[in-house]
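Summary of the model geometry
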Amino acid sequence: MLLSKRILRPFLVLVLVLSSSLANAEIVSVLRKSTAEAPTTIASTSTSTSTSTSTSTSTTPQGIKWHPGHYLLVYDTTTDSSMPGIFHELDPGFRGVQRRYSWKNIEPSMGQYNFTSIKNDLTTATAYGKRLVIAIMSETFNKPGVSLVPSYLLTTQYEGGVYATNTGTNAAYYNTGVQDRMIALYQALGKEFDSNPNLEAVTMPETSPSIANPTWTSTYLSKYVAGMTRIAVATKTAFPHTVVIQYINYPTTTLPDMVSSLKSAGIGVGGPDVLVEDTGLINGSYPYIKGLANQVPLGIAAQYGNYSARTSGGAYWPPGVNNLNLFARDQLRANYIFWLRRNAESATAANGYHASNYYQEVRDHLAPMNWASDPAGGLNTTCPAMFTSCVK
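Scope of this entry: the structure provided in the associated data block. Remember, predicted model here, so these are calculated numbers, not experimental data. (Residues numbered from 1 in each chain as written. Predicted model: local features only at pLDDT ≥ 70, side-chain atom pairs only at ≥ 80, totals over all residues. Heavy atoms only, no water.)

**Structural notes on unusual backbone geometry**
Between Asp-91 and the following residue, Pro-92, the backbone shows a cis peptide bond with an omega angle of -5°. Among the structural elements, Pro-92 can be located in the loop between helix H3 (83-88) and strand E3 (94-102). Following Tyr-250, the chain continues to Pro-251 via a peptide bond in cis, the omega torsion being -10°. In this fold, Pro-251 is placed in the loop between strand E8 (243-247) and helix H8 (255-264). Residues other than glycine seldom take positive phi values, yet Ser-210 does so here, at roughly 55°. Although it is not a glycine, Asn-294 sits at a positive phi angle of roughly 70°. (Helix = DSSP H or I, 4+ residues; strand = E, 2+ residues; numbered from the N terminus.)

Structure below.
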């Protein structure tokens, strides 16, 4: 039988204090035993209703949860068993973790949701006094033919559920049925987790369709963008007390209308890359991001290639962690930076024979900051004007 949250949290904190001399594997073992539970299932095929019963015992915040700062980004390939160890290493500097979850893993069949990983991550975040940002992934990169959407969508009813991109697959956002199913997922997530004080934000996938095909563009692009906007607005409705950020990048011609709709709904904007000399972004989406500073939340991710190149797909020319931070902070006015946990790499052909340890560079950059007086590490902490109030 599971311990109640009121009993479990002090227990976990006590374990963490007493276990400071234990190996990290022992901490992982303790937390896993304390937080193990059966998958959450919500039997519902409706896009507007859910039979979910929230397990949260938290008091619903009276405003938007607001804890801007530096967060560690981990991909959807990260194992559940490694998450306690990742939370354990966040200090100093990181306010929490942005974790990606693949859509098909949290909805293994239609309307049947498995939120176990998210629940366990929130329990661990709470124990460490940290926060969680969730990102539901529906697109693959550099994995042709691999899909992250539930298998039930891969039918003619949903126009195949996905389409082939330049390097992988992406959800068919232009199909209203796919939109409905994704909205149903976010509604279930919001009912379950919006009131949890340690769930900081939800980030939405980038707007780029990742395909260069004139026929596809003329047939689907307008419906694709409208579908992504519809999902984002519905997600914000499902998370009235949680920051929601839509990543924007391409096509730039679609951004004016989309950004206007996002702002009106109180949805933040940001991007999946910090590329300090990429003219496509500097002349495209970046001005929209910076232009909404202090109006809506702004969040930007420092991805794998951002550490080693200054343009998308560019040659090896590391900008340096300090410059990435300064660009996101000063040029984009970011409230949140999500730093990818890119671990040490030896020199191999795959990385152009450039050895690196960018994650340690990020940690070294953040460590000297005065976290007691500025938990956001120099990032903009102004409560966005589109919010009625911020809960800090």
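**Focus on the environment of Ala-232**
Relative to the helices and strands, Ala-232 is located in helix H7 (residues 214-238). For Ala-232, a relative accessible area of 0% puts it in the buried group. With 29 residues separating them in the primary sequence, Ala-232 and Ser-261 have C-alpha atoms 9.7 Å apart. The contact partners of Ala-232, leaving out residues within four places of it in the chain, are Met-204, Gln-246, Leu-262 and Ile-267. (Buried < 20%, exposed > 50% of the residue type's maximum accessible area, 1.4 Å probe, protein only. Contact = heavy atoms within 4.5 Å.)

**Side note on the nonpolar core**
Burial of nonpolar side chains together is a common tendency in soluble globular proteins. One finds Trp-103, Tyr-186, Leu-189, Tyr-307 and Trp-339 to be the most contacted residues of the largest nonpolar core, which totals 102 residues. Among residues more than four places away in sequence, those in contact with Leu-189 are Phe-115, Ile-118, Ile-134, Ile-136, Asp-194 and Phe-239. (Core = buried A, V, L, I, M, F, W, Y, C linked by side-chain atoms within 4.5 Å.)

**Describing the state of the cysteines**
Applying the stated criterion to the full structure yields one disulfide. The side chain of Cys-383 participates in a disulfide bridge whose partner is Cys-390; the two sulfur atoms lie 2.0 Å from each other. Taking the sign of the S-S torsion, 90° for the link of Cys-383 and Cys-390, the bridge is right-handed. (Disulfide = S-S within 2.5 Å.)

**So, the sheet that holds strand E11 (residues 336-340)**
Two strands in a sheet stick together by hydrogen bonds in their backbones, pointing the same way (parallel) or opposite ways (antiparallel). Around the barrel, which closes on itself, the eight strands sit in the order E2-E3-E4-E7-E8-E9-E10-E11 with parallel pairing between neighbours. Mean inter-strand twist for the sheet, computed between neighbouring axes without regard to direction, equals 25°. For strand E4 (residues 131-137) and strand E7 (residues 199-204), the ladder comprises four bridges, and the chain directions are parallel. Each residue of the ladder has a partner; that of Val-133, found in E7, is Ala-201. Relative to the sheet, helix H11 (residues 321-331) contacts strand E2 (69-74), strand E10 (298-302) and E11, its axis offset from that of E11 by approximately 155°. (Pairing = 2+ DSSP bridges. Axes fitted to C-alpha atoms, helices over the stretch in contact; angles between N-to-C directions.)

**With respect to the environment of Thr-126**
Topologically, Thr-126 is positioned in helix H5 (residues 116-127). Counting along the chain gives 72 residues from Thr-126 to Asn-198, while the straight-line C-alpha distance between them is 6.3 Å.

**Regarding the pattern of salt bridges**
A pair can form between side chains of opposite charge whenever their charged atoms are brought close. In the structure shown here, the tally under the stated rule is 11 salt bridges. Where Arg-230 meets Asp-180, a salt bridge forms, and the shortest distance between an N and an O atom there is 2.7 Å. Separated by 50 residues along the polypeptide, Arg-230 in helix H7 and Asp-180 in helix H6 (residues 176-193) bring together distant segments of the chain. Classification of Arg-230 by relative accessible area gives partly exposed; the value is 37%. For Asp-180, a relative accessible area of 22% gives the class partly exposed. Close ionic contact of Arg-310 with Glu-277 constitutes a salt bridge, the shortest N to O distance being 3.2 Å. Here Glu-277 lies in the loop between strand E9 (268-271) and helix H9 (279-282) and Arg-310 lies in the loop between E10 and H11, a separation of 33 residues in the sequence. It is possible to trace a salt-bridge network through shared partners that takes in Asp-80, Arg-99 and Asp-121. (Salt bridge = Lys/Arg side-chain N within 4 Å of Asp/Glu carboxyl O.)

**Here's the deal with the packing of aromatic side chains**
Per the stated rule, a full pass over the model turns up 19 aromatic pairs. Considering the side-chain rings of Trp-216 and Tyr-224, the 5.6 Å spacing of their centres and the 70° angle between planes classify their relative orientation as edge-to-face. We classify Trp-216 as buried; its relative accessible area is 7%. Here Tyr-307 and Tyr-358 contribute two aromatic rings whose centre-to-centre distance is 5.2 Å and whose plane-to-plane angle is 15°, an arrangement assigned as stacked. Of this pair, Tyr-307 sits in the loop between E10 and H11 while Tyr-358 sits in helix H12 (residues 358-366); the two residues are 51 residues apart in sequence, bridging distant segments of the chain. Assigned by exposure class, Tyr-307 and Tyr-358 land together as buried. Members of the aromatic cluster, each reached through a chain of ring pairs, are Tyr-163, Tyr-173, Tyr-174, Trp-216, Tyr-220 and Tyr-224. Sitting over the ring of Tyr-304, Arg-342 keeps its end group 3.6 Å from the ring centre. (Phe/Tyr/Trp six-rings, centres within 6.5 Å; stacked < 30°, edge-to-face > 60°. Lys NZ or Arg CZ within 6 Å of the ring centre and 35° of its normal.)

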